[in-house]
Amino acid sequence: MKRPTIKDIAAAAGVSKGAVSLALNGRSGVSERTRSRVLEVASALGYRPSVTARALSSASADAVGLVLVRPPRALGDEAFFFQLIAGMQSEMSCALLLQVVDSREAEIALYQRWWAEHRVDGVFLVDLLVSDPRIELMSALGLPAVVVGGAGHHGELASVWADDYAAMTSVVEYLKSLGHRRIARVAGLSSLLHTVRRDSAFASSVVDGVVVAGDYTAESGARATRELLGMAAPPTAIVYDNDVMAVAGAEVAASLGVAVPSELSLVAWDDSVLCQHGRLTALSRDTFAFGARAARALVAVIGGASPTDVEDVLPELVVRGSTGTAPAVQVG
């Protein structure tokens, strides 16, 4: 198949070749409507500029990108990402271009636009999916990228990750050592790879485990906790996929008169100030350092180094006042 050219894009978009060149290179001189139309047509035709020409005509963008698929309001509750971003920025002298979008489709379109306009020199990919189209996209674009999380599912891209399976297993074994048998889990989004790995570890470690889906928000954590505590045989321990849902769960337990930890033990994933102030037992890792490792990996790839696959330190369980021995009827 013939490789599409600027002339082909111009004909399909109904504009001049000069306008196409300005739009693809992110230069002024065309309206936003025309720029969007050109980028849409270029993407549909599968246009890829000459790597040599691109290198000769484009200097470093002096920026890297990070896109989060989140409701904007929900992002403000996630301390994990603030620490991650702070760690990333600590290792880079360039700008970090952050954008929040509402869908994976919008995220992919944004990468294509950034690449076409040479807005960034590389990107961080977070919240890896089980089958993630972004991996192939980065390889096709030739855009340097680091997958933050997602061991074994990052293709030829660099990756920095922690072992979610082993971490979940350690939490369950700790709860079982306290006599807990009816253990529940309030999970994150089912499409995410780390959720699947945690689910798998939980299912392998708990005989009668119950999993309720959440979405990392306080509302979903509260709703899931009410559902679990309303069961005929409620769990004596609940593991939450983030700190926000765990704090909400603790508030629900208190409102229902369920004593923590004498009647119910709670564990949060990813320690935070919320967990520290609420005396919640939590899996803790140095998220700032995790972000810094990801940044070093991306800077290296942008500089021409071969992609690396780096396993981060396994999160450690910090025991506080929200976990204790299971109620007497559960022992044995």
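Given the structure is predicted, the values throughout are model-derived calculations rather than measurements.

A. Looking closely at the overall build of the protein chain. Secondary structure summary: the protein chain contains 14 helices and twelve strands in total. With respect to the principal axes defined by its C-alpha atoms, the protein chain has extents near 80 × 35 × 35 Å. The burial tally for the protein chain puts 49% of its 332 residues in the buried class. Considering only contacts within the protein chain whose residues lie at least 6 apart along the sequence, 71% involve residues at least 24 apart. Distance between charge centroids for the protein chain: 7 Å, based on 29 positive and 35 negative side chains.

B. Examining the sheet that holds strand E6 (residues 183-187) more closely. Ordered in space as E7-E6-E8-E9-E10-E12, the six strands form an open sheet in which the pairing is mixed. Both edges of this open sheet fall to strand E7 (210-213) and strand E12 (316-318), since each of them pairs with a single strand only. On average, each strand axis in the sheet is tilted by 20 degrees relative to the strand beside it, whichever way the strands run. Pairing between strand E10 (residues 281-284) and E12: three bridges, direction antiparallel. Across the sheet, the residue bridging to Ser284 is Glu316, located in E12. Sheet contacts for helix H12 (residues 243-255): E6, strand E8 (237-240) and strand E9 (265-268); angle to E9, the most-contacted strand, approximately 160 degrees.

C. The arrangement of the nonpolar core in detail. Grouped together as the largest cluster of nonpolar side chains are 33 residues, with contacts concentrated most on Ile9, Leu24, Tyr111, Val123, Leu125 and Met138. For this core, the elements supplying multiple residues, two or more each, are helix H1 (6-13), helix H2 (17-24), helix H3 (32-45), helix H7 (104-117), strand E3 (122-125), helix H8 (133-141) and strand E4 (145-148). Sorting elements by how many residues they give to this core places H7 first, with five residues. When residues no more than four places from it in sequence are discounted, the contact partners of Tyr111 are Val67, Val123, Phe124, Leu125, Arg134, Leu137, Met138 and Leu141. Formed by 23 residues, the second largest nonpolar core is a distinct cluster that contains Val64, Leu68, Met88 and Val301.

D. Looking closely at the sheet that holds strand E11 (residues 309-311). If you trace the six strands from one edge of the open sheet to the other, you get E2-E1-E3-E4-E5-E11, paired in parallel fashion. Two strands in the sheet have a free side with no partner beyond their single neighbour: strand E2 (95-101) and E11. Put simply, the sheet's adjacent strands are angled 20 degrees from each other on average, direction ignored. As paired elements, strand E1 (residues 63-69) and E2 share seven bridges and run parallel to each other. Paired with Ala63 across the strands is Ala95, a residue of E2.

E. Just the environment of Leu66, in detail. Checked against the element boundaries, Leu66 lands in strand E1. Judged by its relative accessible area of 0%, Leu66 is buried. Between the C-alpha atom of Leu66 and that of Ala10, which follows or precedes it by 56 residues, the distance is 31 Å.

F. Main features of unusual backbone geometry. Cis peptide bonds are those with omega within 30 degrees of zero, and the linkage from Val260 to Pro261 qualifies with 10 degrees. The topology assignment puts Pro261 in the loop between H12 and E9. The backbone of Asp62 sits at a positive phi, close to 55 degrees, despite the residue not being glycine. Relative to the helices and strands, Asp62 resides in the loop between helix H4 (51-57) and E1. A positive phi angle is found at Arg279, which is not glycine, with a value near 55 degrees.

G. Quick peek at the packing of aromatic side chains. A complete count under the given rule lists two aromatic pairs for this structure. Measuring from centroid to centroid gives 5.2 Å for Phe80 and Phe81, while their planes differ by 80 degrees, and the two rings are edge-to-face. Consider the rings of Tyr111 and Trp114, whose centres lie 6.3 Å apart with planes at 70 degrees: the pair is edge-to-face. Taken together, the residues span about one helical turn, with Tyr111 and Trp114 both in helix H7 at a distance of three residues. The same class applies to Tyr111 as to Trp114, namely buried. In this structure, Arg198 packs its charged tip against the face of Trp269, placed 3.8 Å from the ring centre. The residue whose ring lies beneath Arg285 is Phe290, and the NZ or CZ to ring-centre distance is 4.6 Å.

What counts and how
Residues numbered from 1 in each chain as written. Predicted model: local features only at pLDDT ≥ 70, side-chain atom pairs only at ≥ 80, totals over all residues. Heavy atoms only, no water. Helix = DSSP H or I, 4+ residues; strand = E, 2+ residues; numbered from the N terminus. Buried < 20%, exposed > 50% of the residue type's maximum accessible area, 1.4 Å probe, protein only. Contact = heavy atoms within 4.5 Å. Lys, Arg positive; Asp, Glu negative; His and termini not counted. Charge placed at Lys NZ, Arg CZ, Asp CG, Glu CD. Pairing = 2+ DSSP bridges. Axes fitted to C-alpha atoms, helices over the stretch in contact; angles between N-to-C directions. Core = buried A, V, L, I, M, F, W, Y, C linked by side-chain atoms within 4.5 Å. Phe/Tyr/Trp six-rings, centres within 6.5 Å; stacked < 30°, edge-to-face > 60°. Lys NZ or Arg CZ within 6 Å of the ring centre and 35° of its normal.

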